[in-house]
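Structural characterization, general
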Amino acid sequence: MSTICIKNIHHTYISKSGIFGRKRKEVEALKGISFTVNEGEIFGLLGPNGAGKTTMVKILITLLIPSSGSATVLGYNVVSDAAKLRPLIGFVLGGERGVYWRLSGRENLRYFADLYGIPPAESSKRISQLLELVGLSKRGDDKVEGYSRGMKQRLHIARCLLHNPRILFLDEPTLGLDPVGAREMRSLIKQFQEEGRTIFLTTHYMFEADELCDRVAVISKGTVAALDSPRELKRFVADLHVIECEVYGILPRQIERIKTIASVTDVAIRDEDGTQRVFIHTKEGGAAMPRVISILEDTRVGNINLREPTLEDAYVRLVGGEID
């Protein structure tokens, strides 16, 4: 049974630029998106910055109205039935906004419980349970301004669970978290699924989508490039091997030379705190390594290795080498 059904969704907005915003440009963020999400599954929406992920989430949680097309969540139309739908869903948008820093964690949850119309006797018990669930029971009476980013994100999760929603929309829930905090967040997400909830997740982290998601949709430039299970998407690059290089100061001309190697199909670069990681997709495996090494001979190179393709490599092929 589908809990989310999206049919040919388009969304266009006006971008302003120039002095006093006089230049106006129409931008089509979504260009005919269609898919369904099954009850009880963790569904991932992947794509580079600007692909339309957050726009799609905001439409589904009734914060944006699509330009055309239709979307239903739990059988309710996200536009005409928004008031009926909102009590049934919970959401966490990326970042630290959405809670009051000068209040304690417990006071924040009490405030939002009042907004949801939860009776005080019930909310008090519920708040204590949620603080325990997200690991904040010992810091629940501390002001949020003293929380780490991970603690604020866990408070967001507690807030969105106050009214016991059937579907959770999580927009990059582990963004900016340290490895321990991110692992704890992924464990929570799995627990929510075990409780019978449907999870709609956006993330930039391919290993996270591979670990958590039953199915993923990859969107690029406002359209769906692929939709399948992580396992099936990885078969999309089963013909490839990946040369992964850790480099310092690679030049654009060197990248262009690597692209001219006959067996190379894609080259992607990701910056990581001053270090560049280059991912080279090749159909001839280790045989391409000597050519790559010779092109990089004037560049400081750290680790270089050959590995089997992952979901991230399938993503790179689908979106044309874009890695955020």
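What comes next concerns the included structure. Here the structure is a predicted model, which is why all the values come from computation and not from measurement.

Concerning the sheet that holds strand E1 (residues 2–17)
Taking strand neighbours across the sheet as the criterion, the four strands line up as E2-E1-E4-E5 in an open arrangement whose pairing is antiparallel. Strands with a single pairing partner mark the edges of an open sheet, and in this sheet they are strand E2 (23–38) and strand E5 (76–77). Direction of pairing for strand E4 (residues 68–73) relative to E5: antiparallel, over a ladder of two bridges. For threonine 72, the partnering residue across the bridge sits in E5 and is asparagine 77. Each of E1, E2 and E4 touches helix H1 (residues 53–60); the most contacted strand, E1, lies at about 120° to it.

Some details on the nonpolar core
Judged by nonpolar contacts, the single largest core of 44 residues is most densely connected at Ile157, Leu162, Leu170 and Ile189. If one sorts the elements of this core by residue count, helix H5 (residues 149–161) sits on top with six residues. Ignoring sequence-local partners within four residues, the contact set of leucine 170 consists of Val92, Ile157, Ile189, Ile199, Phe200, Leu201 and Thr202. In this structure, Ile4, Ala51, Leu60 and Ala217 belong to the second largest nonpolar core, which totals 26 residues.

Quick notes on the packing of helix H3 (residues 105–115) against H5
The interhelical angle for the contact between H3 and H5, taken along N-to-C directions, is 25°, at an axis separation of 10 Å. Considering their axes alone, H3 and H5 lie roughly parallel with respect to each other. The two elements H3 and H5 meet at a crossing, and its hand is right-handed. Contacts from Gly105, Asn108, Leu109 and Phe112 in H3 reach Leu155, Ala158 and Arg159 in H5. Its residues assigned to classes, the contact of H3 with H5 comprises four nonpolar, two polar and one charged.

Thresholds applied
Residues numbered from 1 in each chain as written. Predicted model: local features only at pLDDT ≥ 70, side-chain atom pairs only at ≥ 80, totals over all residues. Heavy atoms only, no water. Pairing = 2+ DSSP bridges. Helix = DSSP H or I, 4+ residues; strand = E, 2+ residues; numbered from the N terminus. Contact = heavy atoms within 4.5 Å. Axes fitted to C-alpha atoms, helices over the stretch in contact; angles between N-to-C directions. Core = buried A, V, L, I, M, F, W, Y, C linked by side-chain atoms within 4.5 Å. Buried < 20%, exposed > 50% of the residue type's maximum accessible area, 1.4 Å probe, protein only. Parallel < 35°, antiparallel > 145°, perpendicular 65-115°, else oblique. Left-handed = near helix turned anticlockwise from the far one by under 90°. Nonpolar A, V, L, I, M, F, W, Y, C, P; charged D, E, K, R; others polar.

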